[in-house]
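Coordinate inspection notes
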Amino acid sequence: MTSQFKLENIVPWGRSFAEYQAMFGLTAEDLSGTILDCGGGPSSFNAEMTQRNHQVISCDPIYQFSASEIESRIQATYPVILQGLRDRADRFVWQDIKTPEQLGEVRLAAMQQFLADFPTGKQQSRYQVAQLPQLPFKDAQFSLALCSHLLFTYSEQLSLDFHRDAILEMLRLAPEVRVFPLVENFSGETSPYLQPLMQQLSARGYQVKIEQVDYEFQREGNQMLRICAV
Ligand SMILES: C[S@@+](CC[C@H](N)C(=O)[O-])C[C@H]1O[C@@H](n2cnc3c(N)ncnc32)[C@H](O)[C@@H]1O
């Protein structure tokens with residue numbers, strides 16, 4: 001399945017540990033567990049977690065490629081992303097980060113940290129090639145599973161059934177799953193899948209809550225979905 005995954009279809013863009021902490025409201029207790037980052041991509045979350053002696057595994061089909069292949073793709077797509085941000089600047093909150101150029105520098109710094117860590121982290125199995133909705137991990141192997149900027153973000157590309165199967169798979173692996181944000185990438189609107197998914201998951205007996213978090217870059221993108229096994 002991962003062999004069909006093409007790097008040229010991916011626009012790598014990675015966030016930092018501080019952003020993950022804010023997006024997911026991560027507490028010291030959360031960080032003391034074993035975390036799975038689904039669709040971790042070129043984020044520096046894993047590298048920075050490891051520096052802090054926390055336990056984390058990131059999975060993403062992009063990890064089948066080498067650091068230099070991923071770096072080339074980052075260089076190729078970076079100017080395109082920056083132009084997109086300039087063109088749609090009104091859709092974002094320019095508060096802590098003031099300009100698209102400054103955001104680009106912050107993202108590049110996070111991605112450089114990822115690239116420096118990736119070869120060692122892959123050897124240590126902290127980065128694993130795997131693709132939702134089926135992941136090669138054991139039941140309840142993790143205390144918390146996170147998914148940033150994949151589910152809901154790409155509602156136009158990924159179906160409702162994919163979202164349901166992906167979240168159920170994460171719930172197989174961890175008693176708690178958090179997904180951020182709940183808005184789509186292009187429209188900036190709340191994903192049309194949010195309400196049906198919440199109903200489906202509640203009907204299966206999971207506790208499902210939308211929570212406000214202390215992070216907003218996409219306008220109104222300041223909520224995460226927390227799903228817990230009761
Ligand atoms: C926008 S990036 C987000 C990266 C990171 N989570 C962050 O917030 O900085 C989305 C990531 O999802 C990955 N992805 C795409 N399809 C996936 C799938 N089926 N399962 C897991 N990851 C996937 C992509 O390769 C990409 O790295």
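The model shown is predicted, which means the values in this text are computed figures rather than measured ones. (Residues numbered from 1 in each chain as written. Predicted model: local features only at pLDDT ≥ 70, side-chain atom pairs only at ≥ 80, totals over all residues. Heavy atoms only, no water.)

1. Describing the overall build of the chain
Within the chain one finds 7 helices and 7 strands. Counting from the amino terminus, helix and strand elements in the chain follow one another as α-α-β-α-β-α-α-β-β-α-β-α-β-β. For a compact globule of 230 residues, the expected C-alpha radius of gyration is about 17 Å, and the chain comes in at 17 Å, within 12% of that figure. If one aligns the C-alpha atoms of the chain with their principal axes, the spans along those axes are about 45 × 40 × 35 Å. Each of the 230 residues in the chain was classed as buried or not, and the buried ones make up 52%. A total of about 10,800 Å² of accessible surface is found on the chain, and carbon and sulfur atoms cover 48% of it. Side-chain charges in the chain split into 19 positive and 27 negative, and the spacing between the mean points of these groups amounts to 2 Å. (Helix = DSSP H or I, 4+ residues; strand = E, 2+ residues; numbered from the N terminus. Rg over C-alpha atoms; globule rule 2.2 N^0.38 Å. Buried < 20%, exposed > 50% of the residue type's maximum accessible area, 1.4 Å probe, protein only. Areas by Shrake-Rupley, 256 points an atom, 1.4 Å probe, with all protein chains shown as cover. Lys, Arg positive; Asp, Glu negative; His and termini not counted. Charge placed at Lys NZ, Arg CZ, Asp CG, Glu CD.)

2. What to know about the site of the ligand
The environment of the ligand is formed by 20 residues, the closest being Arg15, Tyr20, Gly39, Asp60 and Ser148. In this structure, a nitrogen atom belonging to the ligand sits 2.8 Å away from a main-chain N or O atom of Gly39. Compared with its free state, where it exposes 600 Å², the ligand has 93% of that area covered by protein. Judged by its atoms lying within 2 Å of the grid points, the ligand is housed in the largest pocket. Here the shell around the ligand is composed, by residue class, of 10 nonpolar, 8 polar and 2 charged. (Near = heavy atom within 4 Å. Polar contact = N/O pair within 3.5 Å; in protein donor to acceptor, adjacent residues only side chain to side chain. 1 Å grid on protein atoms, 1.4 Å probe; cavity = no way out; pocket = protein on both sides within 12 Å on 5 of 7 lines; lining within 4 Å. Sits in = over half its atoms within 2 Å of the grid points. Nonpolar A, V, L, I, M, F, W, Y, C, P; charged D, E, K, R; others polar.)

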